[in-house]
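Take a look at the letters that make up each chain.
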Amino acid sequence: MNKCQICGAERLKSEVRCAQCGEFYPTLTELLDAEVFYEEQQTLKGLLKRILGAETIKQGLSAEFKKFKAGLSKTALFTLYVIAAFIFALLITVL
Ligand SMILES: [Zn+2]
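Residues numbered from 1 in each chain as written. Predicted model: local features only at pLDDT ≥ 70, side-chain atom pairs only at ≥ 80, totals over all residues.

The next point concerns the overall build of the protein chain. Along the protein chain, the regular secondary structure elements total 4 helices and 0 strands. Ordered by position from the N terminus, the helices and strands of the protein chain form the series α-α-α-α. The C-alpha atoms of the protein chain give a radius of gyration of 24 Å, which is well past the 12 Å a tight globule of 95 residues would have. On the principal axes, the C-alpha backbone points of the protein chain span a range of 75 × 30 × 20 Å. Within the protein chain, the fraction of its 95 residues that count as buried is 1%. For the protein chain, long-range pairs separated by at least 24 residues make up 2% of all intrachain contacts whose partners lie at least 6 apart in sequence. (Helix = DSSP H or I, 4+ residues; strand = E, 2+ residues; numbered from the N terminus. Rg over C-alpha atoms; globule rule 2.2 N^0.38 Å. Buried ≥ 20, exposed ≤ 12 C-beta atoms within 10 Å, placed from the backbone. Contact = placed C-beta atoms within 7 Å.)

See the structure below:
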């Protein structure tokens, strides 16, 4: 992967094009890697992977929970509050 696909010269990670033949390196694989990385940030599979990858499952869980809490903005909290209030009002009306 770290070789020029045209001439086979060694490729440095920082290089965008081959020093030997001047060919631009394909960045598709890098884009795909980034895509996979991004997806794993967003999906349950990635979440589980991170939790199981931590030293202990408890550590992994608490790290993820902290991240989740930090990610909750004031708007999100307000939305949750409104939803809770709505459900509460609905229950009051039905009962
Ligand atoms: Zn080359």
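That was the structure; now back to the text.
With that out of the way, let us pick up helix α3 (residues 57-71). The end-to-end C-alpha distance of α3 is 21 Å, a good match for the 21 Å that 15 residues give at a rise of 1.5 Å each. Burial of α3 is sparse: only 0 of the 15 residues sit out of reach of the surface. (Expected span 1.5 Å × (residues − 1).)

Moving on, we come to the packing of helix α2 (residues 44-53) against α3. In contact at an axis separation of 7 Å, α2 and α3 are set at 130° when each is read in the N-to-C sense. Of the possible angle classes, the one that applies to α2 and α3 is oblique. In this structure, α2 uses Leu 47, Arg 50, Ile 51, Leu 52 and Gly 53 to contact α3, whose residues at the interface are Ile 57, Gly 60, Leu 61 and Glu 64. Grouping the amino acids of the contact of α2 with α3 by side-chain chemistry returns 5 nonpolar, 2 polar and 2 charged. (Axes fitted to C-alpha atoms, helices over the stretch in contact; angles between N-to-C directions. Parallel < 35°, antiparallel > 145°, perpendicular 65-115°, else oblique. Nonpolar A, V, L, I, M, F, W, Y, C, P; charged D, E, K, R; others polar.)

Low-pLDDT stretches of the model should not have their predicted coordinates read in fine detail. In the predicted model, the protein chain carries a mean pLDDT of 81, and the fraction of residues at 70 or more is 94%. Averaged over each element, pLDDT in the protein chain is lowest for helix α1 (residues 28-42) (74) and highest for helix α4 (residues 74-94) (86). (pLDDT = per-residue confidence, 0-100.)

Tracing the backbone shows Leu 61 in helix α3. Taking the C-beta count within 10 Å as the criterion, Leu 61 has 14 such neighbours and is therefore assigned partly exposed. Distance in space between the C-alpha atoms of Leu 61 and Leu 47 is 9.3 Å, their sequence separation being 14 residues.

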